[in-house]
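Here is what each chain is made of, one letter per residue.
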Amino acid sequence: RLVGSEMCIRDSVKAVDLSLTAAGGGCFGDGKYYVVDYTQNNYGELTSVTLKTYNPEGWTLISEKEIPQTSIPTTMTYNPVDNRIYGCFFNNETDKMGFGTMNKEDGTTEISKVLDVSITAMACDHNGTIYAISADGNLSRYDSTSGDFVKIGTTGLLPKYIQDATFDYDTKTLYWFAMTESPDEAGIYTVDTESGLATKVTAYATGEKELTGVFSMAPVYAPDVPGLVSNVDVAVNPATMTATIKFDMPSVTYGEQPLSGVLEYEVYVDGVKVGTGEANAGSQAGITANVEVGEH
């Protein structure tokens, strides 16, 4: 929205299925959204457990299948490398939780590791590496070779109840939608995958929340695709009704290899192309575009 020289971006939220509770979590992958939903009676007994599959294009229901009670996860994630669903599930043989995979067709699970501490939030990066935030507040990385979770460090928070995490594949950032022991700490955090430390992005505007099944629809790109631009700056001139948009061209590829040479760029406002240009990798570029008062 352009008001004088102030510019801000505003998004809106739209419900797509008010009947869906996603109590068991969900994940997006392979162009589909998978969610585990369950219902209980007044005595807390499970009455149904279902695996629902949606097409995010219009949010139409593709399938709905009854699945075993042991398939209810505390959290689940989609691995874009092997195209499998991973999660923290109830173990058939013990009273502990287990890490494993869920069959996308029938919802059955295969436990590969019994956990001493359950996982409250799990997410997979673009390389297929799974990260887990456990109930004790630690961030760990799954080592597929040894089959063990390797502790990275503490997030600095203590999880409570159900919650979730996801990677934004555009920025390769791990976001945690945290529900904590302290209501004042609940909110959206980024988590450093090298140290485990969580940094608050924002608190929930209306108090603590339990969010499950969160995801980013950003795709996993080919390794040689240019990386993101950075240091984007927008300066609006109300007198001339123009906006000067500057940014730094990427210096590495999505696969984090050095990038060189001349790159082409396009700038869009409200989905309409307002400028194009060329610039060397790593250099500053930009355009000046005409703007109108209003939301953009």
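Draft legend 1. View of the overall build of the chain. Of the regular secondary structure elements, the chain holds zero helices and 23 strands. Long-range pairs, those at least 24 residues apart, make up 42% of the contacts in the chain between residues at least 6 apart in sequence. In the form shown here, the chain has an accessible surface area of approximately 16200 Å², with 48% of it arising from carbon and sulfur atoms. Taken together, the 18 basic and 40 acidic charged side chains of the chain have centroids lying 2 Å from each other.

Draft legend 2. Fine view of the layout of surface pockets. By volume, the second largest pocket amounts to about 670 Å³. Around the second largest pocket, the lining comprises 30 residues; the ones closest to its centre are Ile245, Glu266, Val267, Tyr268 and Val269. Mapped by element, the contributors of at least two residues to the lining of the second largest pocket are β19 (230–237), β20 (242–248), β21 (262–269), β22 (272–280) and β23 (284–290). Take the lining of the second largest pocket: its biggest share by element is seven residues, from β21. Here the residues of the lining of the second largest pocket sort into 23 nonpolar, three polar and four charged.

Draft legend 3. Structural view of the sheet that holds strand β18 (residues 198–203). Taken in spatial order, the four strands line up as β15-β16-β17-β18 in an open sheet, and their pairing is antiparallel. Two strands lie at the open edges of the sheet, namely β15 (164–168) and β18, each paired on one side alone. Strand-to-strand twist across the sheet, computed as the mean angle between neighbouring axes with direction ignored, equals 25°. Across five bridges, strand β17 (residues 187–191) lies against β18 in antiparallel orientation. Bridge pairing in β18 places Gly187 opposite Ala203.

Draft legend 4. The nonpolar core, seen in detail. By size, the foremost hydrophobic cluster in this structure holds 18 residues, and its most contacted members are Leu139, Leu174, Trp176 and Val191. Those elements that place two or more of their residues in this core are β11 (119–124), β12 (130–134), β15, β16 (173–178) and β17. Each residue touching Val191, except ones within four places of it in the same chain, is listed here: Ile133, Leu139, Leu174, Trp176, Gly196, Leu197 and Ala198.

Draft legend 5. Seen up close, empty space enclosed by the protein. Tallied over the entire structure, the rule returns one cavity of 30 Å³ or more. In terms of lining residues, the largest cavity is bounded by 17 residues, among which Phe28, Thr77, Tyr78, Thr166 and Phe215 are the most central. In terms of residue count, β15 provides more of the lining of the largest cavity than any other element does, four residues in total. Among the residues forming the lining of the largest cavity, the class breakdown is 12 nonpolar, four polar and one charged.

Draft legend 6. Local environment of the packing of aromatic side chains. Counting across every chain of the model gives 14 aromatic pairs. On the basis of an interplanar angle of 55° and a centroid distance of 5.7 Å, the ring pair of Tyr131 and Phe167 is categorised as tilted. Linking Tyr131 in strand β12 with Phe167 in strand β15, this pair joins segments that are 36 residues apart in sequence. The class for Phe167 is buried, based on a relative accessible area of 5%. Where Trp176 meets Tyr189, the ring centres are 6.1 Å apart and the plane angle is 45°; that geometry is what we call tilted. Here Trp176 is found in strand β16, whereas its partner Tyr189 is found in strand β17, with 13 residues between them in sequence.

Draft legend 7. Here's a closer look at unusual backbone geometry. Phi at Asp30 takes a positive value of approximately 55°, unusual for a residue other than glycine. Counting through the fold element by element, Asp30 comes out in the loop between β3 (26–29) and β4 (32–40). In this structure, Glu256 is a non-glycine residue whose phi angle is positive, near 65°. By secondary structure assignment, the location of Glu256 is in the loop between β20 and β21.

Draft legend 8. View of the pairing of strand β10 (residues 109–114). Here strand β9 (residues 97–102) pairs with β10 via five bridges, running antiparallel. The residue of β10 that forms the bridge with Gly98 is Val114.

Draft legend 9. Structural view of a nonpolar patch on the surface. Nonpolar side chains collect at one region of the surface, where Val229, Val232 and Val234 lie side by side and expose about 220 Å² of accessible area between them. Relative to the assigned elements, Val232 resides in strand β19. According to the relative accessible area criterion, Val232 is exposed, its value standing at 52%.

Conventions we followed
- Residues numbered from 1 in each chain as written.
- Predicted model: local features only at pLDDT ≥ 70, side-chain atom pairs only at ≥ 80, totals over all residues.
- Heavy atoms only, no water.
- Helix = DSSP H or I, 4+ residues; strand = E, 2+ residues; numbered from the N terminus.
- Contact = heavy atoms within 4.5 Å.
- Areas by Shrake-Rupley, 256 points an atom, 1.4 Å probe, with all protein chains shown as cover.
- Lys, Arg positive; Asp, Glu negative; His and termini not counted.
- Charge placed at Lys NZ, Arg CZ, Asp CG, Glu CD.
- 1 Å grid on protein atoms, 1.4 Å probe; cavity = no way out; pocket = protein on both sides within 12 Å on 5 of 7 lines; lining within 4 Å.
- Points joined across faces, edges and corners; volume = space filled by probe spheres on them.
- Nonpolar A, V, L, I, M, F, W, Y, C, P; charged D, E, K, R; others polar.
- Pairing = 2+ DSSP bridges.
- Axes fitted to C-alpha atoms, helices over the stretch in contact; angles between N-to-C directions.
- Core = buried A, V, L, I, M, F, W, Y, C linked by side-chain atoms within 4.5 Å.
- Buried < 20%, exposed > 50% of the residue type's maximum accessible area, 1.4 Å probe, protein only.
- Phe/Tyr/Trp six-rings, centres within 6.5 Å; stacked < 30°, edge-to-face > 60°.
- Patch = residues over 30% accessible without salt bridge, like charges linked within 9 Å, V, L, I, M, F, W, Y side chains within 5 Å.
- Salt bridge = Lys/Arg side-chain N within 4 Å of Asp/Glu carboxyl O.

On their own, these measurements won't tell you what the molecule is for.
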